[in-house]
Amino acid sequence: MSLNVMFVDDEEALCECFKDLFENDSIKITTFSDPKIALENVSALKPDLIFVDYRIPSMNGDELASKLPPATPKYLITGELEPKPNYNFNGILPKPFDYKKLEQVLAEHLKAKK
Amino acid sequence: MVILVISGLLILLGLLGLIKFLSFQKTWKEQKLSCDIMKHHLPSGLILVDRSGKILSKNYFAIKFLKELSSNSEGDNFFDIVAEKLFDSSENILERSHLPSKILIESGLEEESLIAGYDSELLNSVVWLHFISKSITKNNILIHLMDVSEQVEKMQSSMVNELRLSSAQEFANIGSFEVNLLNMKIQASEQLFKIFPTLSDPMSLNLQSIKDVFVAEDRIRFAKLVQECIDSKSVKAIRLSSFEGSSPLDQSARWFDLRMQAIADDAGKIVGISGSIQDVTEQVRIQQEYELVLKSVEIGVFKWCLRTNEHIWDITMIRLFDMNSIPQNSDIPPWEAFIVPDERVHVINKLNTALQKEDRFDVEIPIATKNGDRFVACRSFIERDDSGSAISLRGICWDVTKQKQLEVALENEKLKSLQTAKLASLGEMAAGIAHEINNPLAIISGSSVYLKMKLELDEKAKAKMQMIDNSVERISKIVLGLRKFSRSSAVSKKGRFELGHILSDCLVLTEPKVKQNGVLISVEMDKSIYILCDEIEIEQVFINLINNAVDAIKGSVKPWIKIKAFVDGGEVVLRFIDSGNGIPKSIANKIFQPFYTTKVVGSGTGLGLSISKGIIEEHGGSIAINDSLGNTCFELRFKYEEELNYVA
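Residues numbered from 1 in each chain as written. Chains lettered and ligands numbered in written order. Predicted model: local features only at pLDDT ≥ 70, side-chain atom pairs only at ≥ 80, totals over all residues. Heavy atoms only, no water.

A. Spatial organisation of helix α18 (residues 608–618) of chain B. Those residues of α18 of chain B that fall on the buried side of the exposure criterion are Leu609, Ser610, Ile611, Ser612, Ile615 and Ile616 of chain B. In the segment just after α18 of chain B, Gly620 of chain B is the residue with positive phi, at about 75 degrees. (Buried < 20%, exposed > 50% of the residue type's maximum accessible area, 1.4 Å probe, protein only. Helix = DSSP H or I, 4+ residues; strand = E, 2+ residues; numbered from the N terminus.)

Structural data, given as structure tokens:
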């Protein structure tokens, strides 16, 4: 079983970077730069783990998270200096990323899935 | 003259023969009287009449007088002759009936005297005659008459003068006196006795008795003035007082202006002193009231005569400028000496401009006194002569130190809130910028990780990759540092913060400037020290101190900054030491004032240290220059709080 990861960030280069770094045989990553499209696809995708950017022009991280399946673990990824999300995320990962930390989060959830 | 005397004597002899002839028994006294009259009152006439007025005998001068008097009547009755024309000093024609009582004496040897005048056609003026009549026998009267026109006229004019003088003296309440230094006799005008009712006896009046009118210390001044008068021959003036009570504010107190001048004889020898004393009690009382009002509002009054450079200051002025006693006018040091040295040139320039073309000189003068720096406000009027050049400056001064301090405090408050507002907007901007920077940073670092994973790199390339990562980290730290500002827009709160942590944050933010200027910076602290503070505010202070230090030492050889923190008794001491040679003493107490800056115009606002001081004092701490280390050192002290550090 592979870990199905959803990554939403309006920064397409970052989406690509994330996918390049972490997608492998056991981790499947789908990225969206538009939260609306992400919402349209979430039911079909059935992700095990979701990363959501906070500051997205059309919809902020709080709003997006509240529209995503509540049971799915969600992490906030943000460049804000002092993120204060209303949504109760599983964790906050500030940009620029500590990639070791990201790797760790992914590994934890992969392990849980298995 | 000799002829006159001889003929007078001849007539007298004739007369004496006549008297002898009339079997008149002369006494020794009568003889002496006649001799005296002849001796002392020549030229004069002698007429012997009987009690009916019949002229029995007359001498040459008498003939002359009688001839003119009797131009119209040929009679030889003395009364008829004189009654027709004589008038008294009030210019009333003397009636015949009055004459016997005025000139003739019923009996005895009493003397009568009358001054009467007549219009002389010959001389075309009034001739005044002095008649002295003596009853020498039962029936006969000897009348001595002489021309006293000159004396009467003199007397009349002097009387008029005296009358004028005395009314003037009364009006001005001035008494005058004249001392004869040879016999110490003193003559005084009537008004003097009115001024000093205690000096009722003109006979016993002397300098001592005038002197004794005044209070003890003024007696000494009086005596001194007399001596000065004699020595200098010029007019000397002085104000003296007399009072019975203990204070010059008593109702009994009176004041007098005394003026004296020596009188010299033709040879230049001082023979006397003339003086005047004016009762100025009224004026002084008005002045006292005025001064009292000025004193109660603490307003000093001054006059500055520009030509003589004479300063006239009242007591409040003297107090304002913090002088202990009332100096003589000439002893008032130049007022500009009181101005705080840094401001002196500015104030003097302002004064010179005003003197050239303005009617006023209004200024606030910072002055240095024994009790510290003060501010004196001055409002003055410039008086000019017809040609427009300034003659004098008159005005008032008062203390505005409190207002000034308030103004400064207010200004500081304003600057601080301005600074806070600046920080707030910087914070807002920081938040926006941080997000914009962090996204690309995430891409760079992510790509770097990817490249390291995918590429076979040699050592140099690996080092370059590491350089990318380090740079990302550095940018990230700087952006993180801005976080502080974004938070400061919220209400600041004090908390427990570790000094080392605050310092390392400061070093991150100041690092670019420090490195750019080649400054070696180090922090020395032997243990973690926690203080209760508003982290952002304190960080501001530290950054400011570091920036100032860099500005001061940049360009010098091997510039360095050392930051030392340690606990000294109950205090946390934090020293910012740099390689500079210390702050010059002349500016040491100025650098904490707002707008004080040594930096080139445009590179500093001069707000840094004054605000820093304000922040630190708000934290219950202090900031000062420590000049004991040889290098420039700003020393900060905070209260060391045991419980904060115990928990740690």
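Don't stop here, the text continues.
B. Focus on the packing of helix α1 (residues 12–22) of chain A against helix α4 (residues 99–113) of chain A. Residues and elements named next belong to chain A. Taken N-terminus to C-terminus, the directions of α1 and α4 make an angle of 65 degrees; their axes are 12 Å apart at the nearest point. Crossing handedness for the pair α1 and α4: right-handed. Contacts between α1 and α4 involve Leu14, Cys17, Phe18, Leu21 and Phe22 on the former and, on the latter, Tyr99, Leu102, Glu103 and Leu106. Within the contact of α1 with α4, the residues separate by chemical class into 8 nonpolar, no polar and 1 charged. (Axes fitted to C-alpha atoms, helices over the stretch in contact; angles between N-to-C directions. Left-handed = near helix turned anticlockwise from the far one by under 90°. Contact = heavy atoms within 4.5 Å. Nonpolar A, V, L, I, M, F, W, Y, C, P; charged D, E, K, R; others polar.)

C. Quick peek at the interface of chain B and chain A. In this complex, chain B contributes 24 residues to the contact, which on the side of chain A involves 16 residues. Three residues stand out in chain B for area buried against chain A, namely His435, Asn439 and Ile443 of chain B, and they jointly supply 33% of the buried area on that side. Our count for the chain B to chain A interface comes out at 0 salt bridges. Taken together, the connections running from chain B to chain A amount to 5 residue pairs in polar contact (both at pLDDT 80 or more). Those elements giving two or more residues to the side of chain B that touches chain A turn out to be α13 (401–454) and α14 (459–488) of chain B. When residues of the side of chain B that touches chain A are assigned to their parent elements, the largest contribution, 16 residues, is made by α13 of chain B. The residue makeup of the side of chain B that touches chain A, split by class, is 13 nonpolar, 9 polar and 2 charged. (Buried area = accessible area lost by both parts, 1.4 Å probe. Salt bridge = Lys/Arg side-chain N within 4 Å of Asp/Glu carboxyl O. Polar contact = N/O pair within 3.5 Å; in protein donor to acceptor, adjacent residues only side chain to side chain.)

D. Fine view of the pattern of salt bridges. All told, the structure shown has 27 salt bridges over all chains when counted by the stated rule. Of the charged contacts in the structure, one is a salt bridge between Asp53 of chain A and Lys95 of chain A, with a shortest N-O distance of 3.2 Å. A residue pair is termed long-range when its members are at least 10 positions apart, and Asp53 of chain A in strand β3 (residues 49–53) and Lys95 of chain A in the loop between β5 (91–94) and α4 qualify at 42 residues. A relative accessible area of 0% places Asp53 of chain A in the buried class. Among the salt bridges present, the one from Asp551 of chain B reaches Lys513 of chain B, with a minimum N-O distance of 3.2 Å. Within this pair, whereas Asp551 of chain B is found in helix α16 (residues 535–553), its partner Lys513 of chain B is found in helix α15 (residues 499–516), the two being separated by 38 residues in sequence. With a relative accessible area of 23%, Asp551 of chain B lands in the partly exposed category. Take Lys513 of chain B: its relative accessible area is 25%, and that puts it in the partly exposed class. Taken together, the shared-partner salt bridges in this structure form one network comprising Asp568, Glu571, Arg575, Glu635 and Arg637 of chain B.

E. A look at the nonpolar core. Residues and elements named next belong to chain B. Membership of the largest hydrophobic core comes to 37 residues, with the highest contact counts inside it found for Phe542, Leu574, Phe576 and Leu636. Sorting the residues of this core by element identifies α15, β18 (530–533), α16, β19 (560–568), β20 (571–578), α18 and β22 (632–639) as the ones contributing at least two each. With 9 residues, α16 is the single largest residue contributor to this core. Aside from chain neighbours lying at most four places away, what touches Phe576 is Leu503, Phe542, Leu545, Ile546, Lys562, Ile563, Thr632, Cys633, Phe634 and Leu636. Of all hydrophobic cores here, the second largest spans 25 residues; its members include Met317, Trp335, Ile339 and Val347. (Core = buried A, V, L, I, M, F, W, Y, C linked by side-chain atoms within 4.5 Å.)

F. Here's a closer look at the sheet that holds strand β11 (residues 299–305) of chain B. Residue and element names in this part refer to chain B. Sheet architecture is open: 5 strands sit in the order β12-β11-β15-β14-β13, paired in antiparallel fashion. Among the strands making up the open sheet, the edge pair consists of β12 (310–313) and β13 (360–369). Ignoring strand direction, the axes of neighbouring strands in this sheet form an average angle of 25 degrees. Relative to strand β14 (residues 372–384), β13 runs antiparallel, the two being bridged by 10 bridges. Counterpart to Ile365 in the pairing with β14 is Val376. In this fold helix α12 (residues 341–357) packs onto β11, β13, β14 and β15 (390–399), with an angle of close to 160 degrees to the strand it touches most, β13. (Pairing = 2+ DSSP bridges.)

G. Representation of the side chain of Arg374 of chain B within the structure. Residues and elements named next belong to chain B. Assignment of secondary structure puts Arg374 in strand β14. For Arg374, the side chain forms a polar contact with the side chain of Asp399, separated by 2.7 Å. Setting aside residues up to four positions removed in sequence, Arg374 forms contacts with Arg319, Leu320, Ile365, Pro366, Ile367, Thr369, Asp399 and Thr401.

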